[in-house]
Structures are given as C-alpha cells and as structure tokens.
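Coordinate analysis (summary)
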Amino acid sequence: MGRVAIVSSMVILAAVISSITSYQVKPANYAKLIEKQKKFDEAFEKEFYVEHTKYVETGEQSERLQEMFEHIRQEPDMFRMEMDNHPLPYLTAECTACRALVTTYLTYRRVLGWDRDRIALQAASTCETLNILTPPNCLKIVNKNIDILLYIIDNRPSLTAQTICGIIFQSGTCVLEDPAFLNWSINVQPGGRPITASKTSPNRGASDLKIIHITDVHYDPHYRTGYNAVCGEPCCCREGQGIPANPADGAGEWGDYRDCDSPWKAVEDAVRAAARQHPDAAYVYYTGDIIDHGVWETTVAGNIVSMTRTYQLFRDVFGSKPVYNVLGNHENNPTNVFAPSYITQSEFSAKWLYDFSADQWSTWLPTASQQTIRQGGFYTVLVRPGFRIIGMNNNDAYTFNWWILYDPAYLQAQLQWVHDTLLQAEAAGEKVHILAHIPIGAGTSYRTWARQYRRILDRFWDVITAHFHGHTHADEFNVFYSLANPQHAISAGFNGGGTVPFSNYNPNYVVYYVNPQTYDVTDFESWYFSLTEANQNPNRNPIWMQLYSFSRDFQLSNVSPASLDGLVRRFASNPAELRRYWEFKVKRGDPFIAAGCDGDCLLNHLCQIVTNEANDDTKCNALAAIFRNLDDELFNEEK
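Residues numbered from 1 in each chain as written. Predicted model: local features only at pLDDT ≥ 70, side-chain atom pairs only at ≥ 80, totals over all residues. Heavy atoms only, no water.

- Per an unreviewed UniProt entry, the protein chain carries the name Sphingomyelin phosphodiesterase and comes from Anopheles gambiae.
- Taken verbatim from the UniProt record of the protein chain, the Sequence similarities (unreviewed entry) comment is "Belongs to the acid sphingomyelinase family." (UniProt positions renumbered as here; feature names shortened; annotations may be inferred.)

Shown next, in the form of structure tokens:
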C-alpha cells in the first residue's frame with residue numbers, strides 16, 4: 001500500500017493496514033537496484049512537485065500527473081497488509097510515493113504557508129485520487145490526524161522527507177540517515193551470565209503450568225451479518241456499507257475472511273471456548289487490539305465502550321483467574337499514535353487511555369502497577385515467587401506512531417524502565433515473561449528501538465524466558481539471536497495469532513505449557529475453527545479443534561531457543577516441513593490455502609522467523625543460501 005503524503009498516506013494508509021507480516025528477501029543485485037532507484041526517486045520527487053503545483057493552481061490534472069499518480073497507486077489488497085509483507089516492487093513504489101508527496105506537502109506548509117484546512121482538503125483529495133477510502137471517509141481520517149502531524153512538522157523545522165520516509169520504511173531508498181534518530185541509547189548495566197551457546201530449556205512435564213493466550217479480537221460494533229463484505233474499503237461488513245446485490249458478497253454469521261472484523265458473538269464464543277476447553281489454565285495473556293479497523297470513524301467514547309465490554313467478558317468468563325493485558329496499536333484514538341507523557345494537550349495526549357486501562361486492569365494487577373500504567377501504559381507484576389511479568393507498551397516504537405518524528409529519544413524512558421526492572425528481577429532470582437503487542441524486531445518496529453532492546457536481551461537473556469506478541473493475526477514464532485554472538489539463539493517470541501479473521505485467517509488462540517520452576521515455555525498448541533464451516537452452519541456455535549501441538553507435530557523434545565533454531569535450519573533444508581509451518585501460521589485459512597505459497601513466499605516466511613531488527617539480513621541470508629539450492633522450481637524469479 002502506498003504510504004503517501006504528509007497526511008494522506010502517512011495517515012490513511014498506515015492507519016488502515018492490517019497486520020500479516022512476512023519478510024521480503026532481497027535479490028543478489030539489490031544494492032545496484034537501489035542505486036538506480038535513488039536516481040529515479042530524486043527525479044520523480046522534483047517532477048511531482050512541479051506537476052502537482054500546476055494542478056493546485058489550475059484545478060486540472062495534467063496527463064503526466066495522472067501517470068505519476070498511477071505509478072504510486074497500489075492494488076487494493078495492499079491496504080490490509082503490514083508493510084513487511086508487500087512485495088519488493090510495491091515497497092519500491094511506496095517509497096517513491098512517500099518521498100514525492102511528503103516533499104510536496106512540506107513545501108506547501110513551510111514555504112507557501114498553507115493553513116490547516118487547505119492542507120486537509122488537498123490531502124483528502126489525494127486519498128480520493130488513490131482510491132484509498134470513499135471521499136467522506138478520506139476527509140474523516142485526515143481530520144483525525146492532521147493536527148498532530150502539523151504540530152510535529154511546525155515544531156521540528158529540520159524534519160525532512162528523507163527522515164520521515166526513512167522512519168516509516170526503514171528500507172530501500174527510504175533509509176534513515178539522520179543521526180538524531182539513529183544514535184540515542186539506553187544505559188545497560190554490565191554483568192549477567194555470558195552467552196556461550198544457544199539457550200536450552202526443560203521438556204514438557206506433567207506439572208507444567210498452562211497459560212491461555214488470546215489476542216486481537218478486533219470487536220466491530222458495526223458488524224452486521226449479510227452486509228457488504230466486498231465494500232471497496234479497507235474494512236467491510238459494516239452497517240453503513242449496505243446489503244450487496246449478490247448474497248455471496250454478504251458478511252458471514254461468525255465473521256468473514258474478506259477484510260472484516262469480529263461480531264460480538266464471535267468474540268464471546270472465542271473467549272468462552274478457551275475457558276471451557278482449558279479450565280485448568282493458571283493465567284490468561286491478552287496482547288492487545290480490541291478495537292476495530294474502521295479507523296476513520298473511531299472515537300474515544302466508542303473505544304471505551306468496546307474495551308469495557310471486552311474486559312467485562314474476561315471477568316465474567318475467567319472469574320478469579322488473572323488476565324494480563326497489554327495495549328494494541330488500535331486502542332488509542334487516532335489509531336497508532338502514542339504521544340510522549342510530557343505532551344499534555346488533551347487533543348494529543350493518550351492519558352485518557354492510560355487512566356482507563358489502569359482502572360480496568362486493577363481487577364488483575366496490584367496497586368503498585370498503577371503509576372507506570374497511568375504514565376505510559378506499561379507495568380510489571382510479580383505473579384508468584386520467582387515469576388514476574390513485564391507488560392510493555394511497544395506501540396510507541398511502531399513506525400506509524402507519528403510522535404517518533406517529534407522526539408525519537410522519548411522511547412528511551414520505557415526501555416530504561418524495562419532494563420531496570422529486569423536488573424531488579426535478576427537480583428531477586430526471578431524469571432520474566434515479556435508481553436508486547438507488536439512483535440519485537442518486526443520490520444515496523446523502529447530500528448533504533450529494536451537495536452536497544454537487543455542490547456537488553458543480550459544482558460538479560462537468562463532472566464527473560466519468553467516473549468508473547470499479537471498484532472500480525474498470524475500463528476507464528478520468532479527466534480532471537482544474540483547481538484554480540486549471532487550464532488547463539490537466546491530467546492523466543494510466541495504470537496497468539498488472533499480470534500479475528502481479518503484478513504483470510506481462521507480464528508484461533510494458543511495454550512502454552514510452562515515449567516513451574518524455570519518458567520520456560522516447554523510446548524504450545526493452537527486451537528481454531530474453520531470459518532467456512534461455521535458460516536455454513538450459522539445456527540450453532542463454531543466447532544473448535546486443535547490446529548497443532550507444536551513439539552508433537554514437528555518432533556521436538558522441547559521448544560527452547562536452541563530447539564527452535566534447529567527447527568528453523570530444518571525448515572531451510574526441508575520445504576515440505578516449512579510449508580506445513582506456513583499452513584499452521586495462516587491457520588489453514590481457506591483463501592490462503594487456495595492461493596498457495598511458492599518458494600519465494602516460503603523463504604520470506606522462513607526469514608521472518610529469524611529477523612530481529614529491520615535491515616539485519618544476516619540470519620536470513622544464511623538460510624536463503626541453503627533454501628535456494630534445493631530446487632530452482634520452487635521459485636518464480638528468473639535465475
């Protein structure tokens with residue numbers, strides 16, 4: 001999807017994207033292609049400004065401007081994909097679009113002195129031209145974000161298009177070069193056990209604790225069965241989008257594969273099914289995103305209603321069982337933007353969300369956690385002697401959080417707190433689970449932040465026993481490697497997938513088995529239902545089934561970082577096993593299975609497992625060298 005314009009793409013496209021992440025393996029001649037693309041982008045950027053200015057003056061788009069808009073216009077399916085999953089040609093065009101449009105709008109604001117309303121109307125026009133949303137909804141999404149963006153632009157006069165696009169893309173010709181965004185760091189205390197090998201852990205045992213992981217329910221209060229699921233907007237099946245002439249285009253009873261969120265009955269069914277099927281679970285993790293994808297019309301009041309209803313469901317269903325929550329990027333309004341705590345203007349501040357979360361989570365958390373939740377939406381809790389949870393709000397490091405552009409170093413505070421909390425846990429002999437909505441190290445995690453987190457992980461690799469994520473809606477895992485010793489696997493991240501079908505997935509949740517002495521994850525299993533089958537039988541509840549038991553299905557003795565690293569290397573030499581993992585990752589969603597996954601696709605998913613930081617292709621390249629030698633027929637590209 002084109003991340004276009006200072007307001008139009010930065011606001012609109014980033015706001016409406018979904019979250020399947022993969023990884024785009026770069027061709028051997030990538031460096032030469034980038035050099036060529038840089039020259040193209042520089043020329044395109046200058047010409048676009050000239051042509052767009054003529055259009056603004058005359059009201060008529062020249063034939064050349066129409067061609068240029070066509071160049072940066074993307075396929076509709078790009079609007080629901082996380083940027084990591086866009087094919088390289090799309091990413092290239094998106095970077096071109098970002099550079100051209102941001103430069104143009106910065107000039108309108110800083111040189112020509114355009115006021116707020118003029119920029120808003122023109123940005124909405126760009127949104128309409130690129131067919132991102134309907135005209136009324138284009139204006140809505142622009143108006144939700146423009147005041148924040150103009151505040152940042154006006155107060156950071158040195159901010160350039162190169163830096164803005166470098167933060168968003170972190171790749172291709174949009175490379176971050178500004179030292180202010182690259183060179184900040186946190187203080188890491190020396191010490192800790194040296195890393196001399198990949199980390200091992202116990203096998204699954206009869207006394208293991210069970211933890212239920214639910215994530216990304218994306219409850220849509222506007223979902224209506226039978227309403228248009230092929231609406232032409234980034235989120236469909238909503239009451240305002242009407243009933244389609246073709247009944248086959250209507251939303252299903254239990255959700256829909258086609259870019260739709262969850263009706264309440266599906267949210268409720270998933271939570272109740274998890275509780276019913278696993279009554280012996282000790283704890284529940286919820287890793288964010290309660291709010292729907294209709295980002296152009298979310299409100300603080302509406303978000304509060306949806307979150308209150310969902311948290312109450314957790315209380316009703318799980319009773320006295322602790323539920324540990326973190327915030328998703330959709331919980332705030334506008335979506336994705338989490339201002340520094342010192343930004344106190346009510347129209348910018350996320351204080352309402354932090355105060356609300358502190359009140360709601362007080363059911364499950366001690367009073368001592370209130371201060372940091374109200375400060376920034378993060379907390380720590382001693383669950384039982386020797387076992388601690390850190391709940392992060394790493395949405396602040398999401399590359400579509402505009403406030404990174406204002407003050408990248410404000411992210412230091414929470415990371416330093418994480419470090420200091422881990423230092424205290426180490427001294428107390430505690431083991432720690434880290435909960436975070438966005439997968440740490442994903443391509444949409446701000447690179448400098450990811451690098452600083454890796455420093456923390458290197459230091460506390462034997463204190464942190466596992467990470468738990470959401471956001472991508474994919475049932476996947478990640479292996480973390482030491483920054484100092486990249487041959488050593490030192491941690492693992494487990495993604496709960498999501499109960500929402502958005503987009504093309506079957507709903508699922510995950511159950512972990514955790515050693516009660518070391519608090520390592522020893523095994524995990526996923527439960528799901530077929531959305532196709534459920535919608536064919538709308539008058540009964542969906543049938544939940546086990547999708548996999550990980551150690552059994554991949555013949556592992558445990559799921560330690562060492563074992564998972566070995567499995568990844570098996571995947572590289574065994575495409576059949578890798579394909580099986582991919583089927584589990586997409587939760588056997590019918591559209592995914594029908595489309596298939598060729599060699600390039602499989603390799604992208606393989607590399608996603610081992611990528612801990614944007615642009616760090618070290619582990620990917622090593623695996624790709626093995627995988628590409630297996631069978632040239634797996635790949636579409638010409639050799």
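Now that the structure has been shown, we can carry on.
Here's the deal with the overall build of the protein chain
- Within the protein chain, the regular secondary structure consists of 22 helices and twelve strands.
- A compact globule built from 639 residues would reach a C-alpha radius of gyration of about 26 Å, and the protein chain, at 23 Å, matches this within 12%.
- Considering the protein chain as a whole, with its 639 residues, one finds that 64% of them fall into the buried category.
- Pairs at least 24 residues apart make up 74% of the contacts formed inside the protein chain by residues separated by at least 6 positions.
- Of the charged side chains in the protein chain, 54 are positive and 72 negative; the average position of the first set lies 5 Å away from that of the second. (Helix = DSSP H or I, 4+ residues; strand = E, 2+ residues; numbered from the N terminus. Rg over C-alpha atoms; globule rule 2.2 N^0.38 Å. Buried < 20%, exposed > 50% of the residue type's maximum accessible area, 1.4 Å probe, protein only. Contact = heavy atoms within 4.5 Å. Lys, Arg positive; Asp, Glu negative; His and termini not counted. Charge placed at Lys NZ, Arg CZ, Asp CG, Glu CD.)

Some remarks on the UniProt feature "binding site: Zn(2+) 2" (unreviewed entry) in the protein chain
- Within this structure's numbering, the places UniProt gives as "binding site: Zn(2+) 2" (unreviewed entry) are Asp 289, Asn 329, His 437 and His 471. Over a stretch of 183 residues, the named residues converge on one spot in the fold, their C-alpha atoms separated by at most 8.2 Å.
- Inspection of the secondary structure assignment puts Asp 289 in the loop between β2 (283-286) and α10 (300-318).
- When its relative accessible area of 0% is taken as the criterion, Asp 289 is described as buried.

A short note on the domain arrangement of the protein chain
- In terms of domains, the protein chain is made up of domain 1 (9-182) and domain 2 (209-223 + 261-375 + 494-628).
- Every contact between the two is made by 24 residues of domain 1 and, on the other side, 31 residues of domain 2.
- For the pair domain 1 and domain 2, the two sides together bury roughly 2400 Å², of which 56% comes from carbon and sulfur.
- The interface formed by domain 1 and domain 2 contains zero salt bridges. (Domains from an automatic or database assignment. Buried area = accessible area lost by both parts, 1.4 Å probe. Salt bridge = Lys/Arg side-chain N within 4 Å of Asp/Glu carboxyl O.)

A look at the confidence of the model for the protein chain
- When pLDDT is averaged along the protein chain, the result is 92; 92% of the residues meet or exceed 70.
- In this model residues 1-9 is a low-confidence stretch, pLDDT under 50, and it forms 60 contacts with partners more than four residues away in sequence or in other chains.
- With pLDDT under 50 throughout, residues 633-639 is counted as low confidence; its partners more than four residues away or in other chains account for 17 contacts. (pLDDT = per-residue confidence, 0-100.)

Comments concerning the packing of aromatic side chains
- Following the criterion strictly, the structure yields 45 aromatic pairs and no others.
- Each ring, one from Phe 529 and one from Trp 544, has its centre 4.9 Å from the other, and the planes form 80 degrees; the classification is edge-to-face. Residue Phe 529 is located in the loop between β11 (521-528) and α16 (531-536), and its partner Trp 544 is located in the loop between α16 and β12 (545-549); the two are separated by 15 residues in the primary sequence.
- Among the residues examined, Phe 529 registers a relative accessible area of 3% and is labelled buried.
- Judged by its relative accessible area of 8%, Trp 544 is buried.
- Lying across the ring of Tyr 513, Arg 204 places its NZ or CZ 3.6 Å from the centre. (Phe/Tyr/Trp six-rings, centres within 6.5 Å; stacked < 30°, edge-to-face > 60°. Lys NZ or Arg CZ within 6 Å of the ring centre and 35° of its normal.)

Topic: the environment of Leu 602
- Mapped onto the elements of the fold, Leu 602 is located in helix α21 (residues 599-610).
- A C-alpha to C-alpha distance of 18 Å links Leu 602 and Gly 443, two positions 159 residues apart in sequence.
- Not counting residues within four places of it along the chain, the set of residues in contact with Leu 602 comprises Pro 575, Leu 578, Arg 579, Trp 582, Cys 597 and Phe 627.

Regarding helix α6 (residues 135-155)
- Relative to the 30 Å expected for 21 residues at 1.5 Å per residue, α6 spans 30 Å between its end C-alpha atoms, a close match to the ideal helical length.
- Every buried residue of α6 is accounted for by Asn 137, Cys 138, Ile 141, Val 142, Lys 144, Asn 145, Ile 146, Ile 148, Leu 149, Leu 150, Ile 152 and Ile 153. (Expected span 1.5 Å × (residues − 1).)

What about the sheet that holds strand β9 (residues 489-495)?
- Ordered in space as β4-β5-β6-β7-β9-β8, the six strands form an open sheet in which the pairing is mixed. Every interior strand has two partners, whereas the edge strands, β4 (379-384) and β8 (477-481), have only one. Strand-to-strand twist in this sheet, taken as the mean axis angle between neighbours without regard to direction, amounts to 25 degrees.
- The pairing of β4 with strand β5 (residues 387-391) spans five bridges and is antiparallel. Paired with Val 381 across the strands is Ile 389, a residue of β5.
- Most of the contacts of helix α14 (residues 412-427) go to β5, to which it runs at about 180 degrees, and overall it touches β4, β5, β6 (431-435) and β7 (464-469).
- Contacts between helix α15 (residues 447-459) and the sheet are confined to β6, β7, β8 and β9, with β7 contributing the most and set at about 145 degrees to the helix. (Pairing = 2+ DSSP bridges. Axes fitted to C-alpha atoms, helices over the stretch in contact; angles between N-to-C directions.)

As for the nonpolar core
- Counting 194 residues, the largest nonpolar core has Trp 449 and Phe 477 as its most contacted members.
- For Trp 449, the contacting residues outside a window of four places in its chain are Trp 184, Met 392, Asn 394, Asp 396, Ala 397, Leu 411, Leu 415 and Ile 440. (Core = buried A, V, L, I, M, F, W, Y, C linked by side-chain atoms within 4.5 Å.)

Description of the packing of helix α9 (residues 264-277) against α10
- Relative to each other, α9 and α10 sit at 30 degrees, their axes nearing to 10 Å. In terms of orientation, α9 lies roughly parallel with respect to α10. The element α9 and its partner α10 pack so that their crossing is right-handed. On the side of α9, the interface is formed by Trp 264, Val 267, Glu 268, Val 271, Arg 272 and Ala 275, while α10 contributes Arg 309, Thr 310, Leu 313, Phe 314, Val 317 and Phe 318.
- Grouping the amino acids of the contact of α9 with α10 by side-chain chemistry returns eight nonpolar, one polar and three charged. (Parallel < 35°, antiparallel > 145°, perpendicular 65-115°, else oblique. Left-handed = near helix turned anticlockwise from the far one by under 90°. Nonpolar A, V, L, I, M, F, W, Y, C, P; charged D, E, K, R; others polar.)

Overview of the UniProt feature "binding site: Zn(2+) 1" (unreviewed entry) in the protein chain
- Here the UniProt feature "binding site: Zn(2+) 1" (unreviewed entry) sits at Asp 216, His 218, Asp 289 and His 473. A stretch of 258 residues holds the annotated residues, and the largest C-alpha distance among them is 10.3 Å, short enough that they meet in one place.
- Setting aside residues no more than four positions away along its own chain, Asp 289 makes contact with Asp 216, Val 217, His 218, Gly 328, Asn 329, His 330, Glu 331, His 437 and His 471.
- Within the secondary structure layout, His 473 lies in the loop between β7 and β8.
- Reaching out from His 473, the side chain makes a polar contact with the backbone oxygen of Phe 502 at a distance of 2.5 Å. (Polar contact = N/O pair within 3.5 Å; in protein donor to acceptor, adjacent residues only side chain to side chain.)

What to know about the sheet that holds β2
- Read across the open sheet, the six strands follow the order β3-β2-β1-β10-β11-β12; overall the sheet is mixed. Edge strands, defined here as strands with exactly one partner in the open sheet, are β3 (323-325) and β12. Averaged over all adjacent pairs, the angle separating strand axes in this sheet is 25 degrees, with direction ignored.
- As judged from the seven bridges shared by strand β10 (residues 508-514) and β11, these two strands associate in the antiparallel manner. Residue pairing across strands places Val 511 opposite Glu 525, the latter belonging to β11.
- The sheet strands contacting α9 are β1 (209-214), β10 and β11, and the helix crosses β10 at an angle near 30 degrees.

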